[in-house]
Structures are given as C-alpha cells and as structure tokens.
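# Close look at the chain arrangement
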Amino acid sequence: MFTFPTDQNLKKKWETLLRRADRQPNRFSVVCACQFVNRNRENLPTLFKRNNFQFSPPPPEVRKRQKKIVINQDTPVAQSTKVVEKCTSEPKASTSESTVLLQSEAYFREKEMAELQSKIANVSVAFGYHTVKDNNKLVALYTGLPDAEKLCKEDQLLLTLMKLKLDLMQVDLAVRFGISQSTVSNIILTWIHVLKECLYDKILGKSLPTTSKIKTCLPSAFATFTNCRIIIDCTEIYTAVAGQLDKQKQTYSNYKHRNTLKALVGVAPNGVIIFVSDLYAGNTSDKEIVRNCGILELLQAGDLVLADKGFLIADLLPPGVSLNIPPFLMNRQFTPEEIKQTMAIAKARIHVERAIQRIKIYKVLHFIPAALRPYSSDIFKVCACLANMNYPLIKEVEEQYNLE
C-alpha cells in the first residue's frame with residue numbers, strides 16, 4: 001500500500017489517474033501497490049480495468065508447484081522449470097506494461113493540448129469591426145449608430161407589417177428575427193415614416209379625386225347622389241390614460257366612456273378611402289375635427305358631402321358645397337318622404353363604416369399605448385393606405401373591373 005504524496009502537483013496527477021470523483025483523499029488514504037507498474041511508487045498508478053489490465057492471484061496449482069520448486073530448488077529440473085516460466089511470462093508482462101504507459105502518456109498529452117487551446121482562445125485580438133458587430137451596446141458606443149444592420153429591407157418591411165397587422169410584442173419580434181428589442185423599435189418607427197411618406201403624402205394626402213373621375217365607377221346606391229364626392233364619418237381608437245389630468249380630460253370620450261383618440265375618414269362612393277385626418281383627443285367634437293383637419297380646403301363648388309346626423313357642419317362648408325344628412329324627427333313620426341330619404345342616405349353611407357372596419361383589422365389600432373401615441377396619426381394613415389390595397393369594398397365595383 002502506498003500513501004498519497006505530499007507534493008501537490010504529484011498528488012493531483014494521482015487523483016487524475018485514479019478517477020475517484022466520489023471521494024477526496026486525506027492523509028490516511030492509500031492506494032494498492034498492484035496499481036503501479038512493477039509495484040514501484042514512482043511509476044504512478046496506471047494499472048486499471050479501464051485500460052484492459054487484469055490482476056488476479058495465481059491459481060492454487062501453480063502455488064503448490066511453486067512451493068515444491070522452492071523446496072527442491074537445487075535440483076536441475078526445478079532450475080530448468082524456473083527458466084522456462086520466466087521466459088514465457090516476461091513478454092506478456094512487458095507488453096501489458098508498455099500499453100498502459102502509452103495510454104497514460106496519451107491521456108496527459110490530450111489534457112495538456114486542451115489547456116493550451118483554451119489559453120489560445122482567450123488571447124486578445126486586434127480591435128476591429130468583427131469585435132463590435134455582434135454587440136449592440138458597443139456599436140452604439142463607438143459609432144453612435146443604433147445597431148449594425150442585420151436584416152435586409154424585405155425583412156424589415158415584413159417585421160413592420162407584422163407589427164401593424166398582428167400587434168406582436170417587441171420581444172416576440174426580436175426572438176423571431178434574431179435581433180434586439182431596441183432594433184425592433186427603431187425598424188418599426190423608421191418604416192412607419194417611410195410608408196407614410198410613400199403611400200399617404202405622395203398619393204392619398206395630395207387631393208381628392210375629381211367628381212368626373214368618381215362618376216366613372218359610381219355604384220347604383222348613389223343613383224340619387226350623382227354629385228356626391230365624399231362620405232365622411234369619425235371613428236375612435238382606445239388609448240392609454242395620460243399621466244396629466246388635463247390630458248386625461250381631453251382624451252376621455254363621453255360616447256365610449258374611455259380614453260380615446262378620434263379621426264375623420266372620408267370615402268369615395270366606390271368605397272375607396274380618399275381622406276384620413278390626424279388623430280385628435282377623444283373629447284373633440286366632430287364639427288371641430290372637420291374645421292381643423294383640412295378637408296374643407298379640398299372641396300369645390302358643386303360637391304355633395306354625405307354624413308351622419310352628428311355632422312352639423314353646413315355653416316363650415318365652402319360656398320357651393322352641399323351637405324346631405326338624415327333628417328331629424330321634427331314631428332311625432334317621419335313622413336314617407338323622410339323615411340325614403342333616410343334609407344337612401346343610410347344605404348350610401350354604410351360604405352364609410354365598412355371602410356373604417358377594414359382599417360381596424362390592423363390590431364395595432366385596437367389600443368394605442370403611451371409609447372406609440374406620438375406616432376399614432378402616422379400609424380393610422382399607414383393602415384388606411386394599406387386597407388386601400390385590398391380588393392374593392394363594393395362587389396359591384398369589383399365586377400366592373402373584372403377582378404378575380
């Protein structure tokens with residue numbers, strides 16, 4: 001039996017070779033001498049079953065024969081037997097010992113190589129783009145840019161449309177596209193401004209279609225309103241409660257009994273959205289929105305505007321522009337002419353409500369959080385432009401253009 005060495009490096013080698021992770025050696029621990037080559041303490045414990053070393057005591061017959069040989073060791077037969085046994089046993093022992101030594105040396109070489117590779121990996125390299133490209137904070141620190149561009153333009157547009165249509169959380173989009181949440185926010189806001197400029201400022205927000213152009217695809221529901229240029233209505237969108245009391249009061253809607261934002265939507269007789277205002281506080285009246293949204297400057301003499309009963313805006317319209325709203329109940333009941341007029345207006349006005357419903361399929365408009373409130377008008381206008389890219393709202397118009 002050999003006790004563990006006092007030298008720590010040598011003791012660590014013994015522990016590595018023994019592979020006894022379940023026990024820690026102490027000053028009373030010993031190792032059997034049979035685990036050492038030639039039972040020599042300096043050869044290290046390398047003889048184990050894992051390296052195909054088998055140690056077993058000699059069988060009883062051999063022991064008896066050895067005893068006889070020891071007793072009769074002076075006889076010629078005994079001496080010749082010893083020589084033969086020695087010659088036959090020594091090659092096997094030397095072969096087994098050399099194999100164990102080679103395996104032990106290979107084990108230590110592999111361990112040393114792994115340690116060297118680990119040190120090489122930790123060696124500092126020269127500073128460059130490859131050093132900071134995968135770390136958003138380092139990119140912002142050294143360049144002032146929000147992030148190294150990781151998504152192509154197509155993926156950035158897809159990410160923005162997914163946010164508008166599905167209102168996915170930023171962390172969800174970050175995981176899906178393999179970028180940070182701050183990058184998701186930057187991409188969404190950037191593309192909102194780009195889409196608003198391309199789709200609204202350059203197309204929808206420039207002017208209203210002329211009356212002659214509208215008449216080329218006038219549905220049958222507008223047979224009595226041939227000079228109708230636009231149908232208007234207001235819609236409200238829920239928003240987060242503002243922190244200041246005066247803003248809470250401004251955004252509180254008596255109609256919805258919640259804090260909302262309000263916008264005016266104008267639709268052509270063929271169902272196409274042709275006007276979208278900014279979002280105003282929910283407490284703003286319909287008349288005040290019409291006064292300030294800029295639609296009055298787009299109307300011309302001879303135009304007809306269809307609206308709901310709440311739009312008492314006849315005094316705001318430019319000269320020559322007429323307003324058609326359902327009649328109010330002046331007597332105990334409507335006259336037949338008033339009923340007929342109300343039904344005709346309702347049949348024509350329903351398309352603006354359908355258009356607003358098509359805008360609101362974009363779930364980002366279901367609720368505007370405080371972080372998106374400064375961009376809410378742009379978001380609403382972009383959603384309106386995207387809604388116009390669908391098939392025509394009125395089946396009669398779709399059949400007229402032979403769209404499938």
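Note that this is a predicted model, so its numbers are computed, not measured.

Let's shift gears to the nonpolar core. The biggest cluster of nonpolar side chains holds 53 residues, and the ones touching the most others in it are L159, L164, I273, I359, L365 and F380. Considering every element that reaches this core, the biggest residue donor is helix 8 (residues 181-204), with nine residues. If near-sequence neighbours (up to four positions away) are discounted, L365 is found in contact with I237, I359, I379, F380 and C383.

To continue, consider the packing of helix 7 (residues 170-177) against helix 8. Look at helix 7 against helix 8: their axes get within 8 Å of each other, and the N-to-C directions meet at 100°. Considering the angle they form, helix 7 stands roughly perpendicular to helix 8. Of the residues in helix 8, those touching helix 7 at Q170, V171, L173 and A174 are Q181, V184, S185 and I188. Classifying every residue of the contact of helix 7 with helix 8 gives five nonpolar, three polar and no charged.

Our focus in this paragraph is the pattern of salt bridges. Taken as a whole and judged by the stated rule, the model has 12 salt bridges. When the shortest N-O distance is used, the salt bridge between K381 and D278 registers 2.5 Å. Residue K381 is found in helix 13 (residues 376-387), and its partner D278 is found in the loop between strand 6 (273-276) and strand 7 (280-281); the two are separated by 103 residues along the sequence. Taking relative accessible area as the criterion, K381 reaches 8% and is therefore assigned buried.

Bringing the confidence of the model for the chain into the picture now. Across the chain, the average pLDDT comes to 82, with 83% of residues at 70 or higher. Below a pLDDT of 50 lies the segment residues 61-73, which in the model reaches 11 contacts outside its immediate sequence neighbourhood of four places, other chains included. Considering only residues more than four positions removed or in separate chains, one finds that residues 75-93, a stretch of pLDDT under 50, has 10 contacts.

Our focus in this paragraph is the pairing of strand 3 (residues 228-238). With 10 of 11 residues buried, strand 3 is to be regarded as a mostly interior element. Bridge analysis of strand 3 against strand 8 (residues 304-306) gives three bridges, and the strand direction is parallel. In the sheet register, I230 faces strand 8, and the bridge partner there is V305. As paired elements, strand 3 and strand 5 (residues 258-267) share eight bridges and run antiparallel to each other. Paired with I237 across the two strands is L261, which belongs to strand 5.

A separate point is helix 6 (residues 153-166). For helix 6, spanning 14 residues, the distance from its first C-alpha to its last is 20 Å, which sits close to the expected 20 Å at 1.5 Å a residue. Elements that come into contact with the buried residues of helix 6 comprise helix 7, helix 8 and helix 13. Following helix 6 by one or two positions, D167 has its phi on the positive side, about 55°.

Bridging between strand 5 and strand 6 involves three bridges; their strand directions are antiparallel. Paired with V267 across the two strands is I273, which belongs to strand 6. In sequence, strand 5 turns back onto strand 6 through a hairpin of five residues, with G271 there showing a positive phi of about 95°.

Together, F127, L141 and Y142 make up an exposed nonpolar region whose accessible area comes to about 390 Å². One can find F127 in the loop between helix 3 (76-121) and helix 4 (129-132). Residue F127 is classed as exposed on the basis of its relative accessible area, which comes to 57%.

One non-glycine residue, D167, lies in the positive phi region at around 55°. The topology assignment puts D167 in the loop between helix 6 and helix 7. Judged by relative accessible area, which is 30%, D167 ranks as partly exposed. You will see that H257, though not glycine, has its phi angle at about 60°, which is positive. Structurally, H257 can be placed in the loop between strand 4 (252-253) and strand 5. On the basis of relative accessible area, H257 is assigned to the exposed category, the value being 55%.

Let us look at the state of the cysteines. The final tally for this structure, using the stated rule, is zero disulfides. Looking at C234, it has no disulfide partner, and the nearest cysteine sulfur is the one in C293, 8.1 Å off.

Once that is clear, we can look at the environment of S285. Examined against the element boundaries, S285 turns out to sit in the loop between strand 7 and helix 11 (286-292). Through-space distance from the C-alpha of S285 to that of S253 is 9.9 Å; in sequence the pair is 32 residues apart. One polar contact links the side chain of S285 to the main-chain amide nitrogen of E288, over a distance of 3.2 Å.

The rules we used
- Residues numbered from 1 in each chain as written.
- Predicted model: local features only at pLDDT ≥ 70, side-chain atom pairs only at ≥ 80, totals over all residues.
- Heavy atoms only, no water.
- Core = buried A, V, L, I, M, F, W, Y, C linked by side-chain atoms within 4.5 Å.
- Buried < 20%, exposed > 50% of the residue type's maximum accessible area, 1.4 Å probe, protein only.
- Helix = DSSP H or I, 4+ residues; strand = E, 2+ residues; numbered from the N terminus.
- Contact = heavy atoms within 4.5 Å.
- Axes fitted to C-alpha atoms, helices over the stretch in contact; angles between N-to-C directions.
- Parallel < 35°, antiparallel > 145°, perpendicular 65-115°, else oblique.
- Nonpolar A, V, L, I, M, F, W, Y, C, P; charged D, E, K, R; others polar.
- Salt bridge = Lys/Arg side-chain N within 4 Å of Asp/Glu carboxyl O.
- pLDDT = per-residue confidence, 0-100.
- Pairing = 2+ DSSP bridges.
- Expected span 1.5 Å × (residues − 1).
- Patch = residues over 30% accessible without salt bridge, like charges linked within 9 Å, V, L, I, M, F, W, Y side chains within 5 Å.
- Areas by Shrake-Rupley, 256 points an atom, 1.4 Å probe, with all protein chains shown as cover.
- Disulfide = S-S within 2.5 Å.
- Polar contact = N/O pair within 3.5 Å; in protein donor to acceptor, adjacent residues only side chain to side chain.

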